[in-house]
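Below, each chain spelled out in residue letters.
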Amino acid sequence: MNDFSLPDTFAVQYGPWALIAGGSEGVGESFARQLAAVGIHLVLLARRQEPLDRLASSIREEHGVAVRTLSVDLTSPELLSGVCALTDDIEVGLMIYNAGSTIAYNRFPDWKPQQLEYMIALNCTGPTQLAHHCSAGMRERGRGGLMFLSSMAGFSGSAWMCIYPAGKAFVQMLAEGLWHDLKHWGVDSLCLVLGATKTPSHANVKFENLGAEGGMECDDAAHEGLIHLGSGPLWVAGESNRARLPAKFIASRASAVDLMSQGTALINELEHLPATDATRHT
């Protein structure tokens with residue numbers, strides 16, 4: 001039986017509340033249950049109220065933490081206002097953006113404009129808005145964390161779903177930039193990259209055709225993300241997924257982000273502090 005326990009200090013750094021966008025089932029549910037087990041209260045967002053209610057009731061009964069829910073489409077223009085209304089009286093110490101998979105497979109000219117707009121809102125607008133809102137309070141408190149779920153698909157363009165890898169690449173770049181931007185205030189950011197995972201939205205996907213043996217378990221994927229939050233800008237869940245990457249790919253991301261950040265600072269005559277420097281802004 002796997003041990004999904006978290007360090008005793010986790011709730012101190014990332015509590016007292018965690019907001020999970022896409023938090024009613026699959027990996028989102030796994031995040032919720034593992035965070036509740038260490039006493040972190042939850043704000044869960046998802047489209048359907050019924051699964052939100054079921055999960056919230058189960059977690060309250062099992063762990064005794066407070067759970068707030070909001071039925072909202074992550075692409076809705078009302079997403080941010082709804083989150084603000086739900087969280088303006090609490091301290092959100094951890095924000096997890098767990099967006100879903102692609103909605104269609106088609107050659108690019110055959111995608112409908114509204115489908116493209118939906119995917120851009122889901123993978124670009126939504127995470128940017130929530131991160132901007134939540135990070136302000138985290139910076140002020142000098143602690144907190146942001147986690148963005150991406151995909152192995154984001155490492156390369158792909159036919160049949162090109163807007164999906166493009167969106168996931170955006171998520172990775174956003175998470176990595178925030179890792180450097182916020183690190184000196186004690187706020188962590190992580191891009192958690194998933195491969196084949198046994199989520200409800202992937203129930204009919206033929207992972208076995210990739211030799212993926214049915215995909216990774218949601219609990220395992222979520223736990224890898226939580227225990228690596230704070231250790232760098234990017235983590236790829238699953239040993240088999242990491243084995244597909246070039247040597248030292250994950251380890252190289254921190255220095256790549258630092259180098260790009262240094263260049264940005266130099267050409268704009270801004271102060272640059274290496275992300276490895278423990279000195280914080282005052």
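Everything discussed here concerns the structure shown above.
In this text the structure is predicted, and so the values were computed from the model without any measurement.

In this section: the nonpolar core. One finds Phe31, Leu35, Leu42, Leu45, Met95 and Phe148 to be the most contacted residues of the largest nonpolar core, which totals 72 residues. Ranked by residue count, the leading element in this core is strand β6 (residues 187-194), at six residues. With residues up to four places along the chain from it excluded, the contact list for leucine 42 reads Trp17, Ala18, Ile20, Ala32, Leu35, Ala36, Ile59, Ala66, Val67 and Arg68. Counting residues in hydrophobic clusters, the runner-up holds eight residues, among them Met119, Met161, Ile163 and Tyr164.

All right, on to helix α7 (residues 218-228) then. Counting buried positions along α7 gives eight out of eleven residues, so the element sits mostly inside the fold. Listing the buried residues of α7 in full gives Cys218, Ala221, Ala222, His223, Glu224, Gly225, Leu226 and His228. Taken from the residues just after α7, glycine 230 is the one with a positive phi, measuring 100 degrees.

All right, on to the packing of helix α5 (residues 113-141) against helix α6 (residues 163-183) then. Running from N to C, α5 and α6 point in directions that differ by 10 degrees, and their axes come no closer than 9 Å. Considering the angle they form, α5 stands roughly parallel to α6. Crossing geometry of α5 relative to α6 is assigned as right-handed. When α5 is examined against α6, the residues Leu116, Met119, Ile120, Asn123, Cys124, Pro127, Thr128, Ala131 and Ser135 are found in contact with a partner set consisting of Ile163, Tyr164, Gly167, Lys168, Phe170, Val171, Leu174, Leu178 and Leu182. Here the residues of the contact of α5 with α6 sort into 13 nonpolar, four polar and one charged.

If you trace the seven strands from one edge of the open sheet to the other, you get β3-β2-β1-β4-β5-β6-β7, paired in parallel fashion. This sheet does not close on itself; its edge strands, each paired only once, are β3 (67-71) and β7 (234-236). Across the sheet, the mean angle from the axis of one strand to that of its neighbour is 15 degrees, orientation sign disregarded. Bridge count between β6 and β7: three bridges; the pairing is parallel. Residue pairing in the sheet places cysteine 191 in a bridge with leucine 234 of β7. On the sheet, helix α2 (residues 26-36) packs against β1 (17-21), β2 (41-46), β4 (92-97), β5 (144-151) and β6 and is oriented at approximately 175 degrees with respect to β1.

Cut-offs applied
- Residues numbered from 1 in each chain as written.
- Predicted model: local features only at pLDDT ≥ 70, side-chain atom pairs only at ≥ 80, totals over all residues.
- Heavy atoms only, no water.
- Core = buried A, V, L, I, M, F, W, Y, C linked by side-chain atoms within 4.5 Å.
- Buried < 20%, exposed > 50% of the residue type's maximum accessible area, 1.4 Å probe, protein only.
- Helix = DSSP H or I, 4+ residues; strand = E, 2+ residues; numbered from the N terminus.
- Contact = heavy atoms within 4.5 Å.
- Axes fitted to C-alpha atoms, helices over the stretch in contact; angles between N-to-C directions.
- Parallel < 35°, antiparallel > 145°, perpendicular 65-115°, else oblique.
- Left-handed = near helix turned anticlockwise from the far one by under 90°.
- Nonpolar A, V, L, I, M, F, W, Y, C, P; charged D, E, K, R; others polar.
- Pairing = 2+ DSSP bridges.

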